[in-house]
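# A closer look at the structure
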Amino acid sequence: MSFGEDFVWGVATSSYQIEGRTKDDGKGDDIWDIYVREPGKIMEGHTGDIACDHYNRYKEDIAIMKQLGIRAYRFSINWARILPDGIGKINEKGIQYYNNLIDCLLENGIEPYITLYHWELPYALYRKGGWLNREIVQWFGEYAKIVATYFSDRVTKYFTLNEPQCFIGLGYLNGVHAPGLKAPIRDTFEMAHNVLLAHGQATRMLREHAKQPIEVGYAPTAGVSYPASEKPEDVEAARKSFFRCPDIEDGWTWNVSWWSDPVILGEYPEEGLRKYSKYLPNITKEDMKLIAQPLDFYGQNMYNGFQVKMGADGLPEYVNREVGFAKTATNWPVTPECLYWGTKFLYERYQLPIFITENGMSCHDSISLDGKVHDPNRIDFLNRYLLQLGKAKDEGVDIRGYFEWSLMDNFEWNCGYTERFGLVYVDYETQKRIIKDSGYWYRDIILNNGKNL
């Protein structure tokens, strides 16, 4: 197994989940700042007001990354931190914070990968209609212009959006994430279209205003359907299932093709156009041209999947999981095969270099009597998944890098601080960091470029 000498070994975080807020830092409210204060929305009433205090402790956290041999750090910029109202006046303290973060990363030999949007919609723009207001295409483009203007002299790698399936589906369809709405289905399709237009506009603005050649990608997510066997008919069933457009009542946002076909292939999938026709906004050729800006790579957040076989009727058929199947602390299934089949199917369809932009697991981590954090389940999980990723790469899938989720335990959205995904343990009472066994294990994987898997 060979990952190649240029393979990018990284970790990922997002701004709201780790940064916290500091008095007089100039940051505007984002939708999560407001949502977490609604009773009953977040486990145990937690908020991201302090989170991991990364805003003040970034030097310590970067020192940990350097100790672990991390080569790349994917982080998000909080839109409301640099543009408190989403548009208009720039918050110079916010710009300075991200400048300091970028400079510190580079001084420590870690390449920054910026994500423009990991769900931090400025509340001022939400009040103007947010993703339902077509003006957000220009708002997001102006934000991208500012990011390029201030940071592209040092940062050359960008992702526009993280998991639109989640921030539309969980935020506006079933309402468990900010802003906590259950919008009409028609509205969610219009939001989705505006999201993709905003991606296209941001890609265009990043390139137009970059200080040097840059690379731009996109980071959606999906549950992966993988075949019950390597029989051609089962493989085809899994492929069809992976790219199908689900029925409305299945939670339509959770799919690959509606979010990625327009971006990469320049058109919405025919199945979706038929199935969702009565809910769709007006979609023009000019829209599709904007959405389909050329990309340099494709990011995919990938955690788990489900098994499929070809049914007797010639249609994909789900296969029940085995009794007592392995689960993470979040009760997500452990399915390493998803990294092999998922990347294989994506590369066949889209022919773009792939980054795994998130992968990891939540464990029931605690500090042991010896003062250390032992997490053998995470080590086993990562080992199994990386073996499958390496297999896909060996078979010709152009996989450029892997960002483990996450660098450290953090605010896990509606679950608050009850889930721990980090390679680094965070004691939220003291903000003490403890590198877990899995962190040291990942260090050794990076040092050996995966040859010791």
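These figures come from a predicted structure and were not determined experimentally. In this convention, every chain numbers its residues from 1, walking through the sequence in written order. Predicted model: local features are reported for residues with pLDDT of at least 70 only, side-chain atom pairs are reported and counted for 80 or more only, and whole-chain, interface and lining totals are derived from all residues. To obtain the side-chain values, all non-hydrogen atoms of the structure were used and water was disregarded.

## A closer look at the overall build of the chain
Selection rule: Helix and strand assignments follow DSSP, with helices taken as H or I runs no shorter than four residues and strands as E runs no shorter than two, numbered in order from the N terminus. For a compact globule the rule gives 2.2 Å times the number of residues to the power 0.38, and the radius of gyration it is set against comes from C-alpha atoms. Burial classes: relative accessible area under 20% of the type maximum marks a residue as buried, over 50% as exposed, and values in between as partly exposed (1.4 Å probe, protein chains only). Residues are treated as being in contact if the distance between any of their heavy atoms lies within 4.5 Å. Here the open area of atoms and residues is found with the Shrake-Rupley method and a 1.4 Å probe, where only the protein chains shown may cover a residue. Counted charges follow a simple rule, with Lys and Arg positive, Asp and Glu negative, and His plus the chain ends left uncounted. By convention, the point assigned to a charge is CZ for Arg, NZ for Lys, CD for Glu and CG for Asp.
Within the chain one finds 16 helices and 13 strands. Relative to the globule expectation of 22 Å for 453 residues, the C-alpha radius of gyration of the chain, 21 Å, shows essentially globular dimensions. Based on the C-alpha atoms only, the size of the chain along its principal axes is roughly 60 × 55 × 45 Å. Residue burial in the chain is summarised as follows: out of 453 residues, 59% are buried. Residue pairs in contact within the chain that sit at least 24 positions apart in sequence constitute 77% of those at least 6 positions apart. For the chain, the accessible area works out to roughly 17700 Å², and carbon and sulfur atoms hold 48% of it. The positive charge centre, built from 50 side chains, and the negative charge centre, built from 63, are 2 Å apart in the chain.

## Concerning the pattern of salt bridges
This is how the line gets drawn: Throughout this description, the term salt bridge denotes a Lys or Arg side-chain nitrogen within 4 Å of a carboxyl oxygen of Asp or Glu.
A full pass over the atoms with the stated rule returns 32 salt bridges. For Asp30, the salt bridge goes to Lys27, with nearest N and O atoms at 3.1 Å. For the residue pair Asp30 and Lys27, the accessibility class agrees, reading buried in each case. When the shortest N-O distance is used, the salt bridge between Asp444 and Arg443 registers 3.3 Å. The partly exposed category is assigned to Asp444, whose relative accessible area is 29%. What you see here is one network of salt bridges that share partners, running through Asp365, Asp375, Arg378, Asp409, Arg420 and Lys436.

## Notes on helix H11 (residues 257-265)
The periodicity of an α-helix, 3.6 residues per turn, causes residues three or four positions apart to be oriented the same way. By the criterion of burial, H11 is predominantly enclosed, with seven of the nine residues buried. Taken residue by residue, H11 has Ser257, Trp258, Trp259, Ser260, Asp261, Pro262 and Val263 as its buried positions. Directly after H11, the chain includes Gly266, whose backbone phi takes a positive value near 85°.

## Things to note about the sheet that holds strand E6 (residues 224-227)
Where strands meet in a sheet, backbone hydrogen bonds hold them as pairs that are either parallel or antiparallel. Our working definition: Pairs of strands are assigned from DSSP output, requiring at least two bridges between the strands. All axes are obtained by fitting lines to C-alpha atoms, using only the stretch in contact for helices, and the reported angles, taken between N-to-C directions, cover 0 to 180 degrees.
Spatial ordering of the open sheet is given by E6-E8-E9, a layout of three strands whose pairing is mixed. Of all the strands in the sheet, the pair left with one neighbour each is E6 and strand E9 (316-318). Pairwise comparison of adjacent strand axes, ignoring direction, gives a mean angle of 45° for this sheet. Sheet topology places E6 next to strand E8 (residues 305-310); four bridges connect them, and they run parallel. Note that in E8 the partner of Tyr226 across the bridge is Gln307. Helix H10 (residues 232-243) contacts E6, E8 and E9 of the sheet and is inclined by roughly 130° relative to E8. Seen against the sheet, helix H14 (residues 337-350) touches E6 and E8 and runs at an angle of roughly 100° to E6.

## A short note on the environment of Arg134
Note the cut-off: Under the rule applied, a polar contact is a pair of N or O atoms within 3.5 Å (in protein, one hydrogen donor and one hydrogen acceptor; residues adjacent in sequence only if both atoms are side-chain atoms).
Structurally, Arg134 is set in the loop between helix H6 (123-126) and helix H7 (136-151). For the pair formed by Arg134 and Glu190, sequence separation is 56 residues and the distance between their alpha carbons is 8.7 Å. The contacts of Arg134, once residues within four sequence positions are left out, are His193, Asn194, Leu197 and Asp287. Engagement of the side chain of Arg134 in a polar contact is seen with the side chain of Asp287, the distance being 2.6 Å.

## Section: the packing of aromatic side chains
Aromatic ring pairs are defined here through the distance separating the ring centres and the angle between the ring planes. Definition in use: Each pair of aromatic rings taken from Phe, Tyr and Trp, with Trp reduced to its six-membered ring, is defined by centres within 6.5 Å and is described as stacked if the planes are under 30 degrees apart, edge-to-face if over 60, and tilted in the remaining cases. Charge over a ring is defined by NZ of Lys or CZ of Arg lying within 6 Å of the ring centre and within 35 degrees of the ring normal.
What the rule picks out here adds up to 59 aromatic pairs. Here Tyr117 and Phe167 contribute two aromatic rings whose centre-to-centre distance is 4.9 Å and whose plane-to-plane angle is 75°, an arrangement assigned as edge-to-face. Of this pair, Tyr117 sits in strand E3 (residues 111-117) while Phe167 sits in helix H8 (residues 164-173); the two residues are 50 residues apart in sequence, bridging distant segments of the chain. Of the two residues examined, Tyr117 and Phe167, each falls in the buried class. Here the aromatic rings of Phe242 and Phe243 are separated by 4.9 Å at their centres, their planes lie at 55°, and the arrangement is tilted. Looking at Phe242, the relative accessible area reads 3%, which means it is buried. Among the aromatic residues, those joined into a ring-pair cluster are Tyr16, Trp32, Tyr35, Trp119, Phe411, Trp413, Tyr417 and Tyr428. In this structure, Arg74 is placed above the aromatic ring of Phe159, and the distance from its NZ or CZ to the ring centre is 5.4 Å.

## Considering the side chain of Asn99
Its place among the elements puts Asn99 in helix H5 (residues 92-107). Taking relative accessible area as the criterion, Asn99 reaches 14% and is therefore assigned buried. In this view, Asn99 contacts Tyr150, Phe151 and Arg154; residues no more than four positions away in its chain are not counted.

## Observations concerning the sheet that holds strand E2 (residues 72-76)
If you trace the eight strands from one edge of the open sheet to the other, you get E5-E4-E3-E2-E1-E11-E10-E7, paired in parallel fashion. Looking along the sheet, the strands with just one partner apiece sit at the ends: strand E5 (215-219) and strand E7 (298-301). Each strand axis lies, on average, 25° off the axis of its neighbour in the sheet, ignoring direction. Both E2 and E3 contribute to a ladder of five bridges, which runs parallel. Counted as the bridge partner of Phe75 is Ile114 from E3. Its contacts with the sheet put H7 on E3 and strand E4 (157-162), and the angle it makes with E3 is roughly 160°.

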